[in-house]
Amino acid sequence: MLTLKIILRSILRGLGISKVLVKYFYPGGYERKFDDAMFGTIKPGDVIWDVGANVGYYTVKFAEATGDEGFVHGFEPMPETFKILKKTISGYKNIGLSCCAMGRSDSSLSMSNDLVAGSPTNKILLSDPQMLDGDTVAVKVRSGDSLIGSEELKIPNFIKIDVEGYESDAIKGMVDLLKESELRALAIEIHFALLEERGLRNAPKDIVAELKQNNFSVRWTDPSHIIAIRE
C-alpha cells in the first residue's frame, strides 16, 4: 500500500495534477501542516541537525525551540549561501555550522550554482569535482556516520533534511546513526522530480523502507514531506 501511494504521487506530479490537489487539500499551505508536525516533535534541550540549512530560516527557529540547553547544527554546502547563513545565526550561542553537504560518505561533489545566494534551486550535479564550469562549484561532503564516529558532533535527537534530490544519499550515510535510540525523529522533504532526474525513481520508497526498518513510524504530512518518529 505504501509503495502504491508513492507511485501515485509520482504519477500525479508528472501529470501536473499534484499542485492542484495540494491547493485543494491544504488551502492554508502545506508548509504550515509540515511545520506544526515537525516542531511538535522537538523538545527543549534537543540536539538538532538542520541538513540543508540554506539561509537559516529553520536553523533559527530550531534554536529557539530547543532553547539554551539544546543545540542546533546547520549544514549548508554553497559558500555564498553559507555566508548569509552565518549572518543569520549571529548572536545565537546554541548554533554551530558546517559548510558541507551530507551524503553517503566523506567526499567532494559538484553543485549547480544559479548565482543567486540562497537559491533553493542549487543542487548536486556531478560526482567528479574536476568537471566544473562557470555555473558549478565543488563542495565538501560528509556522512552522518562519519561525523558521529569521529565524535565531531553529538548524536542528534532530531534531523531535518531538505537537500534538493540528494535526500536518499544523506540517509544512506546515516546507516549507524539511524540505529541510535537518541535519534527520536526526522523531517524530510522528498523531491520526487529531482530524484527521478538522477535515475532514483525508487528512492522515496527506499527512504521510507529504511526508516521503518529502523523502527520509525513514517507519516506523510503532504505529498512532499514526511515525519518519521521512533516507535
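These numbers come from a predicted model, not from an experiment.

(A) Broad picture of the pairing of strand β10 (residues 216-222). Here β10 pairs with strand β11 (residues 225-230) via six bridges, running antiparallel. Paired with Phe216 across the strands is Arg230, a residue of β11. The loop that links β10 with its antiparallel partner β11 comprises two residues.

(B) Structural view of helix α9 (residues 203-213). All of the buried residues along α9 are Ala203, Pro204, Ile207, Val208 and Leu211. End-on view of α9: buried residues confined to an arc of 140°, all on one side of the axis. After α9 finishes, the residue Asn215 shows a positive phi value of roughly 70°.

(C) Representation of the pairing of strand β2 (residues 71-75) within the structure. Summarising burial for β2: four of the five residues are buried, a large majority. Note on the crossover from strand β1 (residues 47-51) through helix α4 (residues 57-66) to β2: the handedness is right-handed. Sheet topology note: the β2/strand β3 (residues 95-98) ladder contains four bridges and is parallel. Pairing of His73 across the sheet is with Gly96, part of β3. The β-α-β motif built from β2, the intervening helix α5 (residues 79-88) and the parallel element β3 has right-handed crossover chirality.

(D) A look at the environment of His191. Following the sequence through the fold, His191 ends up in the loop between β9 (185-189) and α8 (192-197). Note: C-alpha distance between His191 and Ser168 (23 residues apart in sequence) is 10.0 Å. Look past the residues within four positions of His191 in its chain and what remains in contact with it is Asp162, Val163, Glu164, Gly165 and Glu167. Here the side chain of His191 touches Asp162 through a polar contact of 3.4 Å, side chain to side chain. Within polar-contact distance, the side chain of His191 engages the side chain of Glu164 at 3.4 Å.

Reading the values: rules and limits
Residues numbered from 1 in each chain as written. Predicted model: local features only at pLDDT ≥ 70, side-chain atom pairs only at ≥ 80, totals over all residues. Heavy atoms only, no water. Pairing = 2+ DSSP bridges. Helix = DSSP H or I, 4+ residues; strand = E, 2+ residues; numbered from the N terminus. Buried < 20%, exposed > 50% of the residue type's maximum accessible area, 1.4 Å probe, protein only. Arc of directions from axis to C-beta. Right-handed = clockwise from strand over helix to strand, strands pointing away. Contact = heavy atoms within 4.5 Å. Polar contact = N/O pair within 3.5 Å; in protein donor to acceptor, adjacent residues only side chain to side chain.

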